[in-house]
Amino acid sequence: MSKSRRTHLLLSVAGIFLGSCNYESSVEVGADTFIFTNVDVISVLTDGVVRKQDVAIEGGRVVSISAAGSVTVPKSSRVIDGTGKFLLPGLADMHAHPFTKDDLTLYLANGVTLIRSMWGEPSLLDMRDEVEAGLLDGPRIYTGGRIVDGSTPVHFGTVPLSDPGSVAGVMKAQIDSGYDFVKIYSQLSPEVFAAMADVSRETNIEIAGHLPSAVPVEQGFSGGMRSMEHMYGFLAATLREPTSANLDLAGFDPGAIEMVNALGRGDLLMTDLISSAKFADIVQQGVSSDTWLVPTLSVLKSVYGLQDPMPDSAYYLSPGTRSMWRNFERMLSAFGTDDLVAGQRALFTQHEAMLKAVYEGGGKIMVGTDAPNPGVTTGFAVVDLSLIHI
């Protein structure tokens with residue numbers, strides 16, 4: 001590994017621990033130490049920048065942060081001049097889909113030192129173990145197994161599950177195979193979801209993923225999901241009148257398109273659709289629940305046709321991924337009328353309003369991108385989301 005490459009990796013990985021390290025007036029450090037001198041530290045403790053600091057790292061952990069010039073530097077230490085640069089905690093993508101070792105490189109290049117994979121395969125377990133053993137450069141990987149869905153699953157290769165009596169065996173098999181949690185999906189029945197929630201409580205096996213379409217948001221919160229992705233079901237839960245239309249994927253649901261077009265034309269207003277009382281109730285549930293929300297704003301904007309489906313950063317993706325993105329771009333061009341895009345912008349704004357209300361109330365929210373879905377570049381999208389102020 002090159003000298004500059006190793007320095008970059010150390011900067012990213014060590015940054016994870018900056019938030020918990022004490023700031024000291026003077027310090028002596030051991031011989032085998034990396035020291036960043038005169039660097040500006042982005043702190044998660046003060047929510048600001050601590051200027052001109054010396055940061056010492058031993059054994060892969062930050063051991064001190066002190067004013068520049070206050071560290072006694074052993075001759076054997078490696079010193080990196082941080083003048084004019086920033087040191088920050090490693091970023092995390094809590095909704096990722098890494099497929100190759102090249103994906104791991106893109107995460108590190110963007111300062112992402114932890115990812116949660118929402119679809120796991122044995123090959124990903126191998127990559128995770130190689131990273132942990134120091135044999136492969138990459139972020140730490142926390143991963144679910146193959147998606148568990150209903151009897152008519154959305155995606156090929158998922159685990160179909162329709163019998164509540166089989167739930168415990170399916171969940172235990174994934175954990176025994178080395179996965180960290182069980183990802184659930186949109187077509188699970190309420191009965192199977194309830195059985196999975198029971199097993200989760202009894203065994204501490206975490207369930208996370210899509211709130212199944214047939215399961216109310218209230219049941220998702222009470223069912224102990226570790227996280228809910230994309231805020232699916234939240235719009236439906238706030239409607240004045242129930243509808244079978246899928247507003248979360250409105251551009252792909254013929255039953256929703258006319259409603260969305262009406263929103264776009266201004267013939268229908270969000271205030272006509274949304275109950276303020278139901279909105280407040282869902283927000284309060286989000287605030288008081290132990291379930292984390294992973295809204296994946298980047299992929300929602302892409303699905304709604306609200307962002308460039310082929311950003312410059314796509315250059316770093318595989319030819320196959322770029323080809324898939326170009327097909328998605330053509331589809332948006334063919335079906336994305338001005339009215340439809342304007343209506344979907346109104347829906348996205350409602351998503352943002354709910355997210356902001358949960359955030360301001362103290363709810364649990366994590367950054368996740370759903371990369372490499374169209375328009376959402378692995379690694380780069382984490383930085384983009386981290387710059388958003390809700």
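Our subject in this report is the structure included herewith. (Residues numbered from 1 in each chain as written. Predicted model: local features only at pLDDT ≥ 70, side-chain atom pairs only at ≥ 80, totals over all residues. Heavy atoms only, no water.)

1. Overview of the overall build of the chain
Link 1 in the chain: When helices and strands are counted, the chain shows 14 helices and 17 strands.
Link 2 in the chain: Expected size for 390 residues packed as a compact globule is a radius of gyration near 21 Å; at 23 Å, the chain falls within 12% of this value.
Link 3 in the chain: Along the three orthogonal principal directions, the C-alpha set of the chain runs to about 70 × 50 × 45 Å.
Link 4 in the chain: The buried share of the chain, taken over its 390 residues, is 49%. (Helix = DSSP H or I, 4+ residues; strand = E, 2+ residues; numbered from the N terminus. Rg over C-alpha atoms; globule rule 2.2 N^0.38 Å. Buried < 20%, exposed > 50% of the residue type's maximum accessible area, 1.4 Å probe, protein only.)

2. A look at helix H4 (residues 167–176)
Link 1 in the chain: Of all the residues in H4, the buried ones are Val167, Val170, Met171 and Gln174. The arc that holds the buried residues of H4, viewed along the axis, is 95 degrees, so those residues lie on one side.
Link 2 in the chain: Among the structural elements, strand S12 (148–149), strand S13 (159–160), strand S14 (182–184), helix H5 (190–203) and strand S15 (207–209) are those in contact with the buried residues of H4.
Link 3 in the chain: Just downstream of H4, Gly178 is the residue with a positive phi angle, here 110 degrees. (Arc of directions from axis to C-beta. Contact = heavy atoms within 4.5 Å.)

3. Remarks on the pairing of strand S9 (residues 91–96)
The two faces of the sheet receive side chains in turn, since in a regular strand these alternate between them.
Link 1 in the chain: Within S9, 5 of the 6 residues are buried, which leaves the element mostly enclosed by the surrounding structure.
Link 2 in the chain: Bridge analysis of S9 against strand S10 (residues 112–117) gives 4 bridges, and the strand direction is parallel. Each bridged residue has a counterpart across the sheet, and for Ala92 the counterpart in S10 is Leu114.
Link 3 in the chain: Taken together, S9, helix H2 (residues 101–109) and S10 form a β-α-β motif whose crossover is right-handed. (Pairing = 2+ DSSP bridges. Right-handed = clockwise from strand over helix to strand, strands pointing away.)

4. A look at the environment of Ser333
Link 1 in the chain: Note that Ser333 resides in helix H12 (residues 319–335).
Link 2 in the chain: Residue classification places Ser333 among the exposed residues on the basis of a relative accessible area of 61%.
Link 3 in the chain: Along the sequence, Ser333 and Phe36 sit 297 residues apart, while their C-alpha atoms lie 49 Å from each other.

5. Considering the packing of aromatic side chains
Link 1 in the chain: All told, the structure shown has 5 aromatic pairs when counted by the stated rule.
Link 2 in the chain: The interplanar angle of 80 degrees and the centroid separation of 5.9 Å between the aromatic rings of Phe221 and Phe234 together place this pair among those described as edge-to-face. With a gap of 13 residues between them, Phe221 in helix H6 (residues 217–222) and Phe234 in helix H7 (residues 234–237) connect regions that are remote in the sequence. With respect to burial, Phe221 and Phe234 carry one shared label: buried.
Link 3 in the chain: With a centroid separation of 6.4 Å and an interplanar angle of 80 degrees, the aromatic rings of Tyr304 and Phe348 are classed as edge-to-face. Placement of Tyr304 in the loop between helix H11 (297–303) and H12 and of Phe348 in helix H13 (residues 338–360) is noted, with a sequence separation of 44 residues between them. For the residue pair Tyr304 and Phe348, the accessibility class agrees, reading buried in each case.
Link 4 in the chain: Ring pairs connect the aromatic residues Tyr315, Tyr316 and Phe380, which therefore count as one cluster.
Link 5 in the chain: It is Arg116 that lies over the ring of Phe181; its NZ or CZ is 5.6 Å from the centre. (Phe/Tyr/Trp six-rings, centres within 6.5 Å; stacked < 30°, edge-to-face > 60°. Lys NZ or Arg CZ within 6 Å of the ring centre and 35° of its normal.)

6. Notes on the side chain of Thr369
Link 1 in the chain: Within the secondary structure layout, Thr369 lies in the loop between H13 and helix H14 (380–386).
Link 2 in the chain: When its relative accessible area of 1% is taken as the criterion, Thr369 is described as buried.
Link 3 in the chain: Within the local environment of Thr369, its side chain forms a polar contact with the backbone nitrogen of Ala371, the two atoms lying 3.1 Å apart. (Polar contact = N/O pair within 3.5 Å; in protein donor to acceptor, adjacent residues only side chain to side chain.)

7. Observations regarding the pattern of salt bridges
Link 1 in the chain: In the structure shown here, the tally under the stated rule is 12 salt bridges.
Link 2 in the chain: Among the ionic pairs, Asp180 bridges to Arg128, the shortest N-O distance being 3.4 Å. Taken together, the positions of Asp180 in the loop between H4 and S14 and Arg128 in helix H3 (residues 122–132) put the pair 52 residues apart, joining distant regions of the chain.
Link 3 in the chain: Accessibility expressed as a relative area gives 28% for Asp180, which makes it partly exposed.
Link 4 in the chain: Of the charged contacts in the structure, one is a salt bridge between Glu258 and Arg265, with a shortest N-O distance of 3.0 Å.
Link 5 in the chain: Residue class for Glu258 comes out partly exposed when judged on its relative accessible area of 48%.
Link 6 in the chain: Salt bridges sharing common partners tie together Arg128, Asp129 and Asp180. (Salt bridge = Lys/Arg side-chain N within 4 Å of Asp/Glu carboxyl O.)

8. Considering the nonpolar core
Soluble, globular proteins show a tendency: their nonpolar side chains are buried together.
Link 1 in the chain: Grouped together as the largest cluster of nonpolar side chains are 53 residues, with contacts concentrated most on Val167, Met171, Met196, Ile207, Phe234 and Leu347.
Link 2 in the chain: Leu91, Ala96, Val112 and Leu136 belong to the second largest nonpolar core, which has 12 residues in total. (Core = buried A, V, L, I, M, F, W, Y, C linked by side-chain atoms within 4.5 Å.)

9. Let's talk about the sheet that holds strand S11 (residues 140–143)
Link 1 in the chain: Strands sit in the order S9-S10-S11 across an open sheet of 3 strands; the sheet is parallel. Strands with a single pairing partner mark the edges of an open sheet, and in this sheet they are S9 and S11. Sheet twist, expressed as the average angle between the axes of neighbouring strands with direction ignored, equals 15 degrees.
Link 2 in the chain: Lying on the sheet, H2 is in contact with S9, S10 and S11; it crosses S10 at an angle near 135 degrees.
Link 3 in the chain: Along the sheet, H3 makes contact with S10 and S11, crossing S11 at roughly 145 degrees. (Axes fitted to C-alpha atoms, helices over the stretch in contact; angles between N-to-C directions.)

10. Describing unusual backbone geometry
Link 1 in the chain: The residue after Ala371, namely Pro372, is reached through a cis peptide bond having omega 5 degrees.
Link 2 in the chain: Within the element layout of this structure, Pro372 appears in the loop between H13 and H14.
Link 3 in the chain: Of note in this structure, Thr296 is not a glycine but carries a positive phi near 45 degrees.
Link 4 in the chain: Of note, Thr296 is situated in the loop between strand S17 (292–294) and H11.
Link 5 in the chain: The class for Thr296 is buried, based on a relative accessible area of 0%.
Link 6 in the chain: For Asp370, which is not a glycine, the phi torsion comes out positive at approximately 70 degrees.

Geometric values such as these leave the question of function open.
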